[in-house]
Amino acid sequence: MSDRLFGLVVLIGSVAYFLAAANIPTGFLVDPVGPKLFPRLVSGIAALCALLIIIQPDNDPEWPMAMTWLRLAIALSVLVAYAYTLKPLGFLIPTAVAASVISYQIQSRVVPAILTGIGLSAGLFLLFKFALGLSLFPVPRSWMG
Amino acid sequence: MKQTHLTKLVAASVLALGITAGVSTSTQAAECIAPANPGGGWDFTCRSIGKIMFDIKAVDAPIQVTNMAGGGGGLAYTHVVSERADDEELIVAASSATATRLAQNAYGGMTSDQVRFLGAIGADPGVIVVAKDSPFQSLNDLLDAVKADPSKVAFAGGSAVGGFDHLKVLMALGRAGFEDITKVKYIGVDGGADAITQTIGGFTQAMTGDISEVVGFLKSGDVRILAAFTEERLPGEFGDIPTAKEQGIDVVAVNWRGLYVPKDISDEAYDKWSDALAKVAASDEWAEQMTANGLAPFTKVGGDFQGYVDGVISEIETLSKEIGVIQ
Amino acid sequence: MDTFSLLAQGFAVALTPTTLALAIAGCIIGTIVGALPGLGPSNGVAILIPLAFSLGLDATEALILMTSVYYGAMYGGRISSILLNIPGDEPALMTTLDGYPMAKAGRASDALVLSGFASFVGAMLATIGLMMLAPILAKVAYLFGPAEYFGLYLLAFSTLGGIASDNQRKAALAACIGLGIAMIGLDNSTGMGRFTGGNLHLLDGVDFLVAIVGLFAVSEVFVFIESHGKSSAIGVKLESITIPIKDIGRTFGTMLRSSFIGFIAGILPGAGASLGSFLAYVAEKAYVRDNSRFGTGDARGIAAPEAGNNAAAGGALVPMLTLGVPGSGTTAVLLALLMTLNITPGPLLFTERPDVVWGLIAALLIANVVLLILNVPMVRIFVKVLSVPPWILLPGVCMVSFVGIYSLSGSYFDLVLMILFGLLGYFLRKLNVPTVPIILGILLGNNMEDSLRRAMVISGGDWKYLFQSGISIGFWIAAVTGFLAPVFLRKIIKKPQAHVDTTPPEST
């Protein structure tokens, strides 16, 4: 069932991709193949594969339970939040928080998770800033005067 | 285990030096944004101009180079316009490609008047090159062949279709009186050296690029330069290369290397930067860098340069409309 | 004899206490950078260029430091492939296929030593090839026009079935996903954007590093959360470090064959190390008689891609030095370094600046030997990674990935894209869709399309142009054979229930 659903999603996706290719602007210059053919070819093959998967699906994988989905959703939102706070809030604080939360999602113990977060945040900062010379700000720029 | 001790020692000392270097550059240093990954022309502009500015004491602190690749320079442009418009400690590398993309509206609606162009202090002259055994002996031979049957001649260049290398060919053909420029065959490959390889291999008949890209192949005798797109003949060892102009094709196309600054900085800051840039242009260090990298002198700083850039942009805009790169 | 006296001169330049120390430091830094997901050889070299200047190194010393970092990163990429199933950089992609299963089977250190040795053989042979034949080999690039390159890419995609032969349709679909993603961005042949939705970030296309790190590293985090850290190589017993002489002996032929393939791929500016390791792997799998264990931790499946990608890294120096054409992102950065040192690579470099060329070659040989020596004791340290509990390791890998990708462009956009790839990777792994073909699609898709379109521009739309040279015909024949062979072979030879996949088995 999962494979059929997946195949259907890919099928719809490749049809959409095929149609979107129609909007690609074409140049006026010598270009016998053009910018549309290749994407259309790719979406065609993808659709074919999707059909084959729908016709002949594999066995279902074991999907996680509701509780695990919640954990995954939390981890996902933390990562997205991390992506957006890394620059404005500096490296140390968002990294510590994000690493702690993810650590907690893997193994539900609060204290080790927090220690992991703090340790990783400090350790990686030293590694990146000084050993590899990447330009990172430890804390918000406004704190540094 | 002597090995590991030595290792640690060396690693530690290298790292320690790295730290000191890092600290010394991060104190209130001016910044030069290279809108591309390390290694390209913009990166070279930032690194060499920045280094010389500090070496000749035109600025007080070393200039920190930041690479901000994306959108063919568009990401850096947007960043400067929207977030750093009044940052007086910021310069950004630019070249003919910047002007071309602005003219073709490739920076998502940004226009050339949203920054101030500071100056150019060197230029890579455009050239048309053929393989050594090519039947074409002059620029006009080549252009006549295209006129007779455009499907027989393919050009290779290091920029994408509609980019500066492509436009040079079209400008030359336009001046030679060829109207149907959309019939011209051009393939854009990954960089000038690749374009030369394709031309020597005989897959394309001519290569369009900058002189710095062909110097090695010229000296080894693998290629011939049919024309340089400069006002006058190049100095020194390139003196025997004919210009397009003297062959009756009035095209001047050079890939200048220069800088722009944010729009809202004070006039004092603008003058300070243009003074510093003019000093670099006059320095021996820069002369050396230019020779080493195949650049020809091309110094336009301040208001002069702004006018030049505006002129180039409007010409490219017209041409790009003709070939349909922009509507 | 001339070569040797030149080489001796090169060593005289390259072998001083300072340069040796720099070589060792470069190898260590390179290995670390290579092993960290998201940071590849090009980052490593780029990061160190300013350091070389601030240390006031002269041209030879700077070159030695950089080549050590370059080779070090090529060695280092395999480490995270083997230990964590996360390729440290794109050429190490193929090493995940057999390296990780071998580590899971409790032979992590064997896998590391074996792959280190294979890397050494590949890099060594390539350096020797570079030394002996570079000026001649440079001419090979003149034989490859758009039609020939198209044939080469076609060959790569037609043999994809060779890596995941249990479910061809899913492998093909994955390749299509990669190709579809590759189409996003500026179209080289029209200068206009495709599938960008007007987004300036997408105009440059999707960076393959973002995809690799997302699909492999971030998705790993989701997999671990689901399994509460139980499904891992972690917890295997750490055996003492021995040299797996038997494996090395058994795979020596593999290494030689793969080095040859990798070297040739490296010489072609359009191919590069990733294609080198890929072709080496599929060719080896097709060549050996009994290939049923490929994908489950076969020693040959580790030796082939590692010898291949390191040979390709050496081969890529041929067009870079003799033509000034960088065959990969890393050689592009090395090229830039040479230019800043006022050395312009090109056809005359070997005659005009023999000191630089032979100094560089000597540096490569030194770096290679240093890496081999360092790698055996270093394996001991790397394997310790496996004893780090997952609730520390995984957040760590994740944060390293974020910083690595952030350092590419400094934008949120790539980070969010990486997370989306992570999510995609999680679902694909659950559905047993291999992710390696996606990366190959992203890596090679644009090149493949561009070469086809360039060929058609040159020929004016005449498709016969694709089959006009012996080289292109050869590739077409190999591609058709490579595509059909697995289909027929499967019918002829009844394989034991193959369970080749790139995903770690889920916990149950």
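Counting of residues starts from 1 at the beginning of each chain's written sequence and follows it residue by residue. Following the order in which they are written, the chains are lettered starting with A and the ligands numbered starting with 1. Totals for whole chains, interfaces and linings use all residues, but because this is a predicted model, local features are given only for residues with pLDDT of at least 70 and pairs of side-chain atoms are given and counted only at 80 or more.

(A) Examining the overall build of chain C more closely. If you tally the helices and strands in chain C, you get 20 helices and two strands. Burial is judged by counting the other C-beta atoms within 10 Å of a residue's own C-beta: 20 or more makes it buried, 12 or fewer makes it exposed, and any count in between marks it as partly exposed, with every C-beta position built from the backbone. Here chain C holds 508 residues, and the buried ones make up 71% of them. Contact between two residues is assigned whenever their backbone-derived C-beta positions fall within 7 Å. Here the analysis covers contacts within chain C between residues at least 6 apart in sequence; of these, 80% occur between residues at least 24 apart. For the purposes of this entry, the term helix denotes a DSSP run of H or I that reaches at least four residues, the term strand denotes a run of E that reaches at least two, and both are numbered from the N terminus.

(B) A look at helix α11 (residues 303-323) of chain B. Residue and element names in this part refer to chain B. A helix is expected to reach a length of 1.5 Å times the quantity of its residues less one. Along its 21 residues, α11 runs 31 Å from first to last C-alpha, staying within 8% of the 30 Å computed at 1.5 Å per residue. All buried positions along α11 are accounted for by F305, V309, V312, I316, L319, S320 and I323. Around the axis of α11, the buried residues are gathered within 100° of arc, so they sit on the same side. Turned more than 90 degrees off the buried face of α11, the exposed positions are G307, G311, S314 and T318. Buried residues along α11 sit in contact with α4 (96-103), β4 (115-131), α6 (164-175), β9 (254-262) and β10 (296-301). After α11 finishes, the residue G324 shows a positive phi value of roughly 80°. This arc is taken over the directions from the axis of the helix to the C-beta atoms.

(C) Spotlight on the nonpolar core. Counting residues in each nonpolar core, the largest one holds 329 residues, and the members touching the most others are V129 of chain B together with I439 of chain C. No other element matches helix α5 (residues 95-137) of chain C, which puts 20 residues into this core. Excluding residues that lie within four positions of it along the chain, V129 of chain B makes contacts with I196, T199, A206, M207, G209, V214, V223, R224, I225 and L226 of chain B. Think of a nonpolar core as buried Ala, Val, Leu, Ile, Met, Phe, Trp, Tyr and Cys residues chained together by C-beta atoms that fall within 7 Å.

(D) Seen up close, the interface of chain C and chain A. Between chain C and chain A, the contact holds 55 residues from the first and 56 residues from the second. Elements supplying a minimum of two residues to the side of chain C that touches chain A: α3 (41-54), α7 (168-182), β2 (192-194), α8 (208-227), α17 (390-409), α18 (412-430) and α19 (436-459) of chain C. Top contributing element to the side of chain C that touches chain A by residue count: α17 of chain C, with 13 residues. For this classification, the nonpolar set comprises Ala, Val, Leu, Ile, Met, Phe, Trp, Tyr, Cys and Pro, the charged set comprises Asp, Glu, Lys and Arg, and every other residue, Gly included, is treated as polar. Its residues placed into classes, the side of chain C that touches chain A shows 34 nonpolar, 12 polar and nine charged.

(E) Quick peek at the environment of A244 of chain B. All names here are of chain B. Summarising the element assignment, A244 is placed in the loop between β8 (223-228) and β9. C-alpha separation for the pair A244 and R233, spaced 11 residues apart in sequence, amounts to 9.6 Å. For A244, the residues in contact, after removing those within four places along its chain, are L139, A172, A227, A228, F229, I249 and V251.

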